Amino acid sequence: MATRKVVAGRFLPVVAAGVGFLAGAVTARTAHHRITCSLGERLERLAQATEEARRTTALAHQHRLHWELLSKAMDPGNAALLEVLDTYSPPVPQETQRQFLYANAMYTSMVFNYRMGVLSREQFHGSVRGMFQNAVCRAYWRATAHHRETLDASSEEAELGKLVDGLLQQLEESDTDKWWVVGELPPETPPDAA
């Protein structure tokens with residue numbers, strides 16, 4: 001019996017050391033797994049942020065190019081350029097075309113600001129409501145209805161166009177002078193329901 005106690009006493013520290021080593025290895029493996037998962041999540045968030053920054057930069061570039069092209073056509077010295085953009089039915093005088101191009105630039109600016117997250121959907125709706133207090137802007141919208149018919153119905157631009165169509169109809173049917181309260185913001189359509 002004494003021999004068993006001596007032998008057990010010699011192996012007990014070795015067993016305890018083995019259990020301690022195993023527990024340390026499991027702890028280290030768990031910590032490594034947490035760090036790896038955390039780094040993976042961080043890399044994924046960084047990739048998403050990079051893609052969003054790229055998209056915003058591309059939108060800003062597109063907006064700037066759109067404005068430069070419209071500015072050239074609106075310049076009275078470049079009257080010949082108006083002919084390139086004359087897709088109105090019925091045709092409109094050059095001065096009206098310039099006004100329509102400017103209305104387009106205003107509207108497009110609101111769309112880009114919405115797409116970049118500068119304007120919320122509610123702010124976009126309010127901005128457009130103010131824009132359509134102007135008769136030229138309303139005439140522009142009606143004259144370009146056939147342009148919007150060519151849009152992919154599921155696109156964000158088509159969805160915003162429908163929102164504006166509804167708002168313009170509500171403004172025209174309203175019998176109040178308080179235009180800023182006319183036009184209820186419709187619920188947002190889920191992307192896969194369009």
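Figured I'd write up the structure that's included with this text.

The rules behind each value
- Residues numbered from 1 in each chain as written.
- Predicted model: local features only at pLDDT ≥ 70, side-chain atom pairs only at ≥ 80, totals over all residues.
- Heavy atoms only, no water.
- Salt bridge = Lys/Arg side-chain N within 4 Å of Asp/Glu carboxyl O.
- Helix = DSSP H or I, 4+ residues; strand = E, 2+ residues; numbered from the N terminus.
- Buried < 20%, exposed > 50% of the residue type's maximum accessible area, 1.4 Å probe, protein only.
- 1 Å grid on protein atoms, 1.4 Å probe; cavity = no way out; pocket = protein on both sides within 12 Å on 5 of 7 lines; lining within 4 Å.
- Points joined across faces, edges and corners; volume = space filled by probe spheres on them.
- Nonpolar A, V, L, I, M, F, W, Y, C, P; charged D, E, K, R; others polar.
- Contact = heavy atoms within 4.5 Å.
- Core = buried A, V, L, I, M, F, W, Y, C linked by side-chain atoms within 4.5 Å.
- Arc of directions from axis to C-beta.
- Expected span 1.5 Å × (residues − 1).

1. Notes on the pattern of salt bridges
No. 1: All chains considered together, the criterion is met by four salt bridges.
No. 2: As a salt-bridge pair, Arg-54 and Glu-51 come within 2.6 Å of each other at their nearest N and O atoms. In this pair, Arg-54 and Glu-51 are both assigned in helix H1 (residues 2-74), three residues apart and thus about one turn of the helix distant.
No. 3: Owing to a relative accessible area of 48%, Arg-54 belongs among the partly exposed residues under this scheme.
No. 4: Overall, Glu-51 belongs to the partly exposed group, its relative accessible area being 41%.
No. 5: Arg-115 is the partner of Glu-156 in a salt bridge, and the nearest nitrogen-oxygen pair spans 3.3 Å. Highlighted residues: Glu-156 in helix H7 (residues 156-173) and Arg-115 in helix H3 (residues 94-115), separated in sequence by 41 residues.
No. 6: For Arg-115, a relative accessible area of 29% gives the class partly exposed.

2. Considering the layout of surface pockets
No. 1: By volume, the largest pocket amounts to about 580 Å³.
No. 2: As for the largest pocket, its lining consists of 21 residues, of which His-66, Asn-104, Thr-108, Tyr-140 and Glu-157 are closest to the centre.
No. 3: At the level of secondary structure, the elements contributing two or more residues to the lining of the largest pocket comprise H1, H3, helix H5 (135-143) and helix H6 (145-148).
No. 4: For the lining of the largest pocket, the element with the highest residue contribution is H3, accounting for seven residues.
No. 5: Considering only residue class, the lining of the largest pocket consists of eleven nonpolar, seven polar and three charged.

3. Structural notes on the side chain of Thr-108
No. 1: Note that Thr-108 resides in helix H3.
No. 2: We classify Thr-108 as buried; its relative accessible area is 13%.
No. 3: The contact partners of Thr-108, leaving out residues within four places of it in the chain, are His-63 and His-66.

4. Considering the nonpolar core
No. 1: Counting 29 residues, the largest nonpolar core has Leu-101, Tyr-107, Phe-124, Val-128, Phe-132, Trp-141 and Val-164 as its most contacted members.
No. 2: Put simply, the parts of the chain that give this core at least two residues each are H1, H3, helix H4 (121-131), H5 and H7.
No. 3: For this core, the leading source of residues is H3, giving eight residues.
No. 4: Contacts of Phe-124, omitting those with residues within four sequence positions, involve Tyr-107, Met-110, Val-111, Tyr-114, Leu-119, Leu-160, Leu-163 and Val-164.

5. Thoughts on H4
No. 1: Buried within H4 are the following residues: Arg-121, Phe-124, His-125, Val-128, Arg-129 and Met-131. The buried residues of H4 occupy an angular sector of 160° when projected down its axis, which confines them to one face.
No. 2: Looking at the buried side of H4, the elements it contacts are H3, H5 and H7.

6. Things to note about H7
No. 1: Under the 1.5 Å per step criterion, the end-to-end length of H7 is 26 Å for 18 residues, consistent within 8% with the ideal 26 Å.
No. 2: Taken as a whole, H7 has its buried residues at Ala-158, Leu-160, Gly-161, Leu-163, Val-164, Leu-167, Leu-168 and Leu-171.
No. 3: Buried residues belonging to H7 abut H3, H4, H5 and H6.

7. Things to note about the environment of Ala-145
No. 1: Residue placement: Ala-145 occurs in helix H6.
No. 2: Exposure remark for Ala-145: the relative accessible area of 31% places this residue in the partly exposed category.
No. 3: A C-alpha to C-alpha distance of 9.5 Å links Ala-145 and Tyr-88, two positions 57 residues apart in sequence.

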